[in-house]
Amino acid sequence: MLSTCAGVPFVSGESIYRFKYFSVWTVKKARNKMRKPLKIKFLVTYLFSLIFSGAVKVTMAYSQLDSYNFESNQGTSSSIRIGLISDFNTEHLRTAFEFGIFKANSDLSVPLVGITEEINYGNSLQANDKLCQLMKDSIGGVFAPTAKHTAAHLMQICDDKDVPYIYPRMTDKYDGFNLFPHPIDVATALHSIISAFEWSRFIFLYESSNYHTILDGLMSFYSSNGPAISVVRYDLNLNGNYKPVLRRVRKSVDNRIVVVGSTPSVAELLKQAQQVGMINEDYKYIIGNLDFQTFDLEEFKYSEVNITGFRMFSIDNPQIRELMDRLNEDKLAMQYGKPKEKTNEEGSCPITIDMALTYDAIQVFAETTKHLIYNPQPLNCSDTNDNVQNDGSTFGNYMKSLDISDKTITGRIYFEGNIRKGYTFDVIELQQSGIVKIGTWNEYTNLTIERPPLKNLVSQTIDDSLVNKTFVVLISVETKPYASLVKTHKKLVGNDQYEGYGVDLITELADRLGFNFTLVPGGNDYGTFNKTTNETSGMLKKIVEGEADLIITDLTITSEREEVIDFSLPFMNLGISILFVKPKKTPPAVFSFMDPFSEEVWWYLGLAYLGVSLSFFILGRLSPTEWDNPYPCIEEPEELENQFTVNNSLWFTTGALLQQGSEIAPKALSTRTIASIWWFFTLIMVSSYTANLAAFLTIENPTSVINDVKDLSENKGDVQYGAKRTGSTRAFFATSEEEIYKKMNEYMTKNPGYLTDGNEAGVLRVKSESNYAFLMESTSIEYNTVRECSLMKVGDPLDEKGYGIAMKKNWPHRDKFNNAMLELQEQGVLAQIKTKWWNEIGAGVCESKTGSGDASELNLHNLSGVFYVLVAGSCFSVVFGVVQCCIDVGKKANYYQVPFTAALFEEFKNVVHFSNNERTLKSATSVYSRSRNSSMSINSLETDSDKTATK
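Residues numbered from 1 in each chain as written. Predicted model: local features only at pLDDT ≥ 70, side-chain atom pairs only at ≥ 80, totals over all residues. Heavy atoms only, no water.

*Asks:* Pulling in residues and values, what's your account of the nonpolar core?
*Replies:* Ranked by size, the top nonpolar core spans 72 residues in total, and within it L112, L190, F204, F313, I351 and F365 carry the most contacts. It is helix α13 (residues 353–369) that contributes the most residues to this core, 10 residues altogether. If near-sequence neighbours (up to four positions away) are discounted, L190 is found in contact with I214, L218, V258, V260, I286, G288 and F310. Within the second largest apolar cluster, 37 residues are counted, among which are L509, F515, Y803 and L824. (Core = buried A, V, L, I, M, F, W, Y, C linked by side-chain atoms within 4.5 Å. Buried < 20%, exposed > 50% of the residue type's maximum accessible area, 1.4 Å probe, protein only. Helix = DSSP H or I, 4+ residues; strand = E, 2+ residues; numbered from the N terminus. Contact = heavy atoms within 4.5 Å.)

Pasting the structure below:
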């Protein structure tokens, strides 16, 4: 680097500019640091930079020859190439990239040449190939893609090859050239607004862990007595459905919400918040996303919700206007902003923060080329050697030493270390007139609120009034309760022929706005829009072609329909549900009396019964106390007997189990102990059985074939299903990305016979076929289940959507209808109309049939098992008694030596002789008296009596 000329050391031109850059960068860094309280290390750095800068100036005096070489080298470079690798919002980002180069080249001697490459989002391998190709083409700088992991991969390659790497993305890492504000600065701005609004508690809604730095920065401002903060992640399932989380937020006590996340997710969050009823005057939002000015907020303007956000540029910026013209956005300019000659009006803007920062980064890059020699050379990114871009790192570092503001979109740009500073946030708020700037924020002056006076909306003139205007309103007469023919014996004409929810709604709107209307049946085909052929059908076609002005029926608001028509604010929120027949009660089982105990308990109960009985038998024989004298009169008996035989032991445990007792009483301590334990056991078991038996015999749980949409998709129980052939319900399954809904769509496509032409046909089919389910809107299901007692709704709604009044695209009276709709909602009129047609007219049929209580009476089916046991036990007892009787008769017949049949016949006569309660053991007529032994006894008795008489 050092050489001599005539004995005087000098520095080459390339080295001079490197030293110059280092000194300037060091001085500026020290100067920026001195804006804050001075510290010793900053003073040392500052003094060192002054000394070093002086040395460079002395050295430059001896480098005139090398200065000539610098000028010649500068002239040898015909252009400097910079590359853009884009993976999101590609067309607009490319236009901003090319426009930035176009503006920068107007002031450059060595022009910039842009090379754009497009890759799939998140495809790091494809991005690697594109970057390597750019490096082979002598690229001087790379503008990174949006995907986080892809950008990190490319950054590593550029860092290894000393190629300046530029990316506009929020991150807490200090690498590359990044003009995006640091997350801590975003947190500081959020804290300023929260403090200005004096929020004592709020919910911090964030998308993912990428935004934890903002949360940490925000929490660092608060001590133990700060506001109560509830931290909630809204993208829990990573499927774009935030409604479950929003429902939880809605049920909480907090209605002040801070939202941070990516641009697509935050925009979708606001839409879903409106669908769950969180976009109204009760809620206040602060949006920590710098693309807030790009959101479509048209439907939120009249909801009276308070939404505040940030932006880094205004639509009045000349570069923004030129960029919009460059994008050929004349139509969008009229929709989002105002004409260029009326720049005092604020509005939304389609220019994203990525586009603005890309433009500004090109201006910084171009400004750097005016101060440094930069002649990029071809590189091979696959080489592992030290081959790097000459002066690439020097060029990138010098970009961070600049301080420019006159050519940028996002304001002043300078760096403190690797962190961009100097910018100012516009604090913007959503009002009925659109997005309005209400203040500014920067790190020096903090938050300044300068709320402009409220802008008066265009006053309603006579020509703009709806008074005495007549509109043609389409209704669907076949769809109750939205519209139907009045049933009367009188002949009706005009609007008097129709009644229903839709008729009452348009009548209320007409009364408030002063217009007239003519109801016209539009059929049952609501219509669709074919994007391929740009053709519409049904009612939509009549609106598009001007044959009608409005459609009022159960018409769902969908993005497809909004491409050709407009909708009012939703007058009813709903979702797709399943209509199915109510499950039938399970027939009672024969042995239902055994249900209170499980099979395992019954087995253990039987084993316990046998075990305790055996214990009584053994303990009774072991205990001397249980051996008794059978003849109490004999003091010294020759025999003793024990009462706990096997039969008596079983009988004792049986009597205790059935709580009836027995004549057997244990006397020994051991037998009394086990008897007490057994009695306690039977007390608990019988009490538990009795308490549980009533519930099992009286409660009859219906058995449902399907319980949710998963069961339906699997055709559980051979249940078939379908939907209306055309309409939003069918379109939901046709366009859904969920696997289960794709499966259901394939099923309905393969089985068109299960589809119906209308909801009424679907309801009739569900009633007539026990294995058919119909998919329809939850409000229609609610209407039918109140009137058809055999029908019910199964599972939770599959989606959330709303019904709106359809009108022609860009209809001038849409805002008036929306304001009137909000008034009806706030005053409870919409709820009253729904109650009238859902719960009053034609309803109440099912409630009158189900007022007898929950418990049902016991019948023979419930107790038949107990009777079977009783009959079986009785039959066994009779059989056992007959057998025992025959055995006893046989013994007596053998003893008295009489025929068995004769003895049995005599016993039978005694049994059936019901009037005789006493039984003579022996008589002259007895068969036993005619036996040999009986005769001898009688003769001996008579001889003795005769002898006594003679004497």
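*Asks:* Which residues make up a negative patch on the surface, and what are the values?
*Replies:* Taken together, the side chains of E281, D282, E304 and E826 define an acidic patch exposed on the protein surface. Position of D282 relative to the elements: it lies in the loop between α10 (263–275) and β10 (284–287). (Patch = residues over 30% accessible without salt bridge, like charges linked within 9 Å, V, L, I, M, F, W, Y side chains within 5 Å. Areas by Shrake-Rupley, 256 points an atom, 1.4 Å probe, with all protein chains shown as cover. Salt bridge = Lys/Arg side-chain N within 4 Å of Asp/Glu carboxyl O. Lys, Arg positive; Asp, Glu negative; His and termini not counted. Charge placed at Lys NZ, Arg CZ, Asp CG, Glu CD.)

*Asks:* Can you lay out the sheet that holds strand β17 (residues 470–475) for me, pointing to particular residues and giving the numbers?
*Replies:* In space, the five strands of this open sheet follow the order β20-β17-β23-β33-β24, with mixed pairing throughout. Among the strands making up the open sheet, the edge pair consists of β20 (516–521) and β24 (565–567). Where β17 and β20 come together, six bridges link them in parallel fashion. In the strand pairing of β20, T470 is matched with N516. Helix-sheet contacts for helix α15 (residues 501–513) involve β17, β20 and β23 (550–551), and the interaxial angle to β20 is about 160°. (Pairing = 2+ DSSP bridges. Axes fitted to C-alpha atoms, helices over the stretch in contact; angles between N-to-C directions.)

*Asks:* Explain helix α4 (residues 90–105) residue by residue, including any values.
*Replies:* Between its first and last C-alpha atoms α4 spans 22 Å; for 16 residues at 1.5 Å apiece the expected length is 22 Å, and the two agree. Within α4, burial applies to T90, L93, R94, T95, A96, F97, F99, G100, I101 and A104. Against β3 (80–86), β4 (112–118), β5 (139–143), α11 (318–326) and α13 lie the buried residues of α4. (Expected span 1.5 Å × (residues − 1).)

*Asks:* I'd like a rundown of the pairing of β5, residues and numbers included.
*Replies:* Of all five residues in β5, five are buried; the element is thus mostly enclosed. Pairing geometry for β3 and β5, over four bridges, is parallel. Along β5, the bridge assignment pairs I82 with G141. Bridge count for β5 against strand β6 (residues 165–166) is two bridges, and the pairing is parallel.

*Asks:* So, a nonpolar patch on the surface: which residues are in play, and what are the values?
*Replies:* On the surface, V590, F591 and M594 cluster together to form a nonpolar patch covering roughly 240 Å² of accessible area. Here F591 falls in the partly exposed class, since its relative accessible area comes to 44%.

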